[in-house]
Amino acid sequence: MSTASERARMPSIRDVARLAGVSHQTVSRVLNDHPSIRPETKAKVLDAIAVLDYRPNLAARALVTSKSNMLGILAATVGEFGPTSSIVGIEDAAREEGYSVSTLNLSATTPEAIGNALRQLAREQVDGIVVLAPQVRAFHVLRGMAVEIPFVSLQTASGSDGVSLSADQVAGARTATEHLIGLGHSDIIHIAGPQDWIEAESRMRGYLDALREADLPTFPPIRGDWTADFGYFAGQELSRRRDFTAVFVANDQMAIGLLHGFRDAGIRVPEDVSVVGFDDIPVAAHVAPTLSTVHQDFPELGRRAVRLLLAQIRGERVPEFGPLQTTLRTRESSAPR
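Note that the structure is a prediction, hence the values are computed from the model and not measured.

Conventions we followed
- Residues numbered from 1 in each chain as written.
- Predicted model: local features only at pLDDT ≥ 70, side-chain atom pairs only at ≥ 80, totals over all residues.
- Heavy atoms only, no water.
- Helix = DSSP H or I, 4+ residues; strand = E, 2+ residues; numbered from the N terminus.
- Buried < 20%, exposed > 50% of the residue type's maximum accessible area, 1.4 Å probe, protein only.
- Contact = heavy atoms within 4.5 Å.
- Areas by Shrake-Rupley, 256 points an atom, 1.4 Å probe, with all protein chains shown as cover.
- Pairing = 2+ DSSP bridges.
- Phe/Tyr/Trp six-rings, centres within 6.5 Å; stacked < 30°, edge-to-face > 60°.
- Right-handed = clockwise from strand over helix to strand, strands pointing away.
- Polar contact = N/O pair within 3.5 Å; in protein donor to acceptor, adjacent residues only side chain to side chain.
- Core = buried A, V, L, I, M, F, W, Y, C linked by side-chain atoms within 4.5 Å.
- Salt bridge = Lys/Arg side-chain N within 4 Å of Asp/Glu carboxyl O.

Novice: Before we move on, can you summarise the overall build of the protein with the specific residues and values?
Specialist: When you go through the protein residue by residue, the secondary structure sums to 13 helices and 11 strands. Each of the 337 residues in the protein was classed as buried or not, and the buried ones make up 47%. A sequence separation of at least 24 residues applies to 71% of the contacts in the protein between residues at least 6 apart. Within the structure as shown, the protein displays about 16,400 Å² of accessible surface, and the carbon and sulfur contribution to it stands at 50%.

Written out as structure tokens, the structure is:
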């Protein structure tokens, strides 16, 4: 007997088996990629799945296989270009491996917030977690927790536990500063990111290392908040000092705001002041003047994270990745004067 409600229900594994002319145990083996299934049988089952638009019950499947084929992302960087681009890389790589992704965005990196997020991902039965929380305190919290699910962290704090990946932030900042020194600048200011951010500390270290090695004077770094608004404010304030000829900025958003602030204050870039940013966001090549900046491959960082995580999940040898290399892209904002 066929009723409207019966026709409207989601197809089951037995419906697939009936259409393919096999047992439901065979359908289960196909779904779990069992090596004993003959290619022609697998083809019949996959055809039936396509016809019925059957979607496996992932929760039930996880109970049988102890795998959900889902990865979790714990992110504390909502809206930032770099982490958002890395998440795209994670999602693409996970999809290629047959995994789905569940992303949780943290509004705070307190022990309570991180603990709640980890418990939620555990309830979703994720097989592993990628952590994008570039604040130092987030790693202190994670270190104090017994995280039983395999995890990989993007960006590392000194002494952080677990498998981790990062771009070489120190080398990138050093290259940017050395580029300005090579142009003949000796009075170089640094607009840094917020305190407690790993990238901010690493980029400031690279800047200071380059000045120290060149035996040049250092200025106290100006602490920013990653936003273009702060960069604009800094440009307005710095225009009153004029005791510098170049600025290395810890990210492109602040650098773009700085260009705007300088322009409104009558300071010409690069004729009066050279500027270099960091991250190479897409708009950096389209502002006026175009912005010199340090490029890093955020999607590749995400793809590497998935490879590391799946190696842990599958009990395979974990690949060894060194820090991802950065590249300086010189544009009009630091052209020779």
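Novice: Which residues make up the sheet that holds strand β6 (residues 188-192), and what are the values?
Specialist: Strands sit in the order β7-β6-β8-β9-β10-β11 across an open sheet of six strands; the sheet is mixed. Because the sheet does not close on itself, it has two edges, and the strands there are β7 (222-223) and β11 (327-329). Where strand β8 (residues 246-249) meets strand β9 (residues 274-279), three bridges bridge the pair, whose relative direction is parallel. Counted as the bridge partner of Phe248 is Val276 from β9.

Novice: How would you explain the packing of aromatic side chains if you had to name every residue and give the values?
Specialist: If you walk through the whole model with that rule in mind, you get five aromatic pairs. A ring pair is formed by Phe230 and Phe233, whose centres lie 6.1 Å apart and whose planes are at 55°; its orientation type is tilted. One end of the pair, Phe230, and the other, Phe233, are both in helix α11 (residues 228-238), three residues apart, so they sit about a helical turn from each other. Classification of Phe233 as partly exposed rests on a relative accessible area of 47%. Measuring from ring centre to ring centre gives 6.4 Å for Phe248 and Phe278, while their planes differ by 55°; the resulting arrangement is tilted. Here Phe248, found in strand β8, pairs with Phe278, found in strand β9; they are 30 residues apart in sequence, far enough to count as distant. On the basis of relative accessibility, which here comes to 0%, the residue Phe248 falls in the buried class. You can call Phe278 buried: its relative accessible area is 0%.

Novice: With reference to specific residues and values, describe the pairing of β9.
Specialist: Of all six residues in β9, six are buried; the element is thus mostly enclosed. Regarding topology, helix α12 (residues 252-264) serves as the crossover connection from β8 to the parallel β9, and that connection is right-handed.

Novice: Go over unusual backbone geometry, please, and point to the residues and values.
Specialist: For the bond running from Val269 to Pro270, omega is 10°, close enough to zero to count as cis. In this structure, Pro270 sits in the loop between α12 and β9. In the segment running from Ala288 into Pro289, the intervening peptide bond is cis, with an omega of -5°. Relative to the helices and strands, Pro289 is located in the loop between β9 and β10 (292-295). A positive phi angle is found at Gln125, which is not glycine, with a value near 60°. For Gln125, a relative accessible area of 32% puts it in the partly exposed group. Positive phi is not limited to glycine here, since Asp280 has a value of about 55°. The topology assignment puts Asp280 in the loop between β9 and β10. The class for Asp280 is buried, based on a relative accessible area of 10%.

Novice: Lay out the environment of Ser23 in plain terms, naming residues and giving numbers.
Specialist: Mapping Ser23 onto the fold places it in the loop between α2 (13-20) and α3 (24-31). Sequence separation of Ser23 and Ile13 is 10 residues, and the distance between their C-alpha atoms is 9.3 Å. One polar contact links Ser23 to Thr26, side chain to side chain, over a distance of 3.0 Å.

Novice: So what's going on with the nonpolar core? Residues and values would help.
Specialist: Grouped together as the largest cluster of nonpolar side chains are 38 residues, with contacts concentrated most on Ile191, Val247, Leu258, Phe262 and Val275. A total of six residues in this core trace back to one element, the largest contributor, which is α12. Each residue touching Phe262, except ones within four places of it in the same chain, is listed here: Gly235, Leu238, Phe244, Val247, Ile267, Val269, Val273 and Val275.

Novice: How would you explain the pattern of salt bridges if you had to name every residue and give the values?
Specialist: A full pass over the atoms with the stated rule returns 16 salt bridges. In this structure, Arg38 engages Glu40 in a salt bridge whose closest nitrogen and oxygen atoms are separated by 3.8 Å. On the basis of relative accessibility, which here comes to 53%, the residue Arg38 falls in the exposed class. Arg304 is paired through a salt bridge with Glu300; the nearest N and O atoms lie 3.1 Å apart.

Novice: Explain the pairing of strand β4 (residues 151-154) residue by residue, including any values.
Specialist: Every second residue of β4 is oriented toward a common face, with Phe151 and Ser153 on one face and Val152 and Leu154 on the other, all of them buried. The pairing of strand β3 (residues 128-132) with β4 spans three bridges and is parallel. Bridging across to β4, Val131 finds its partner in Ser153.

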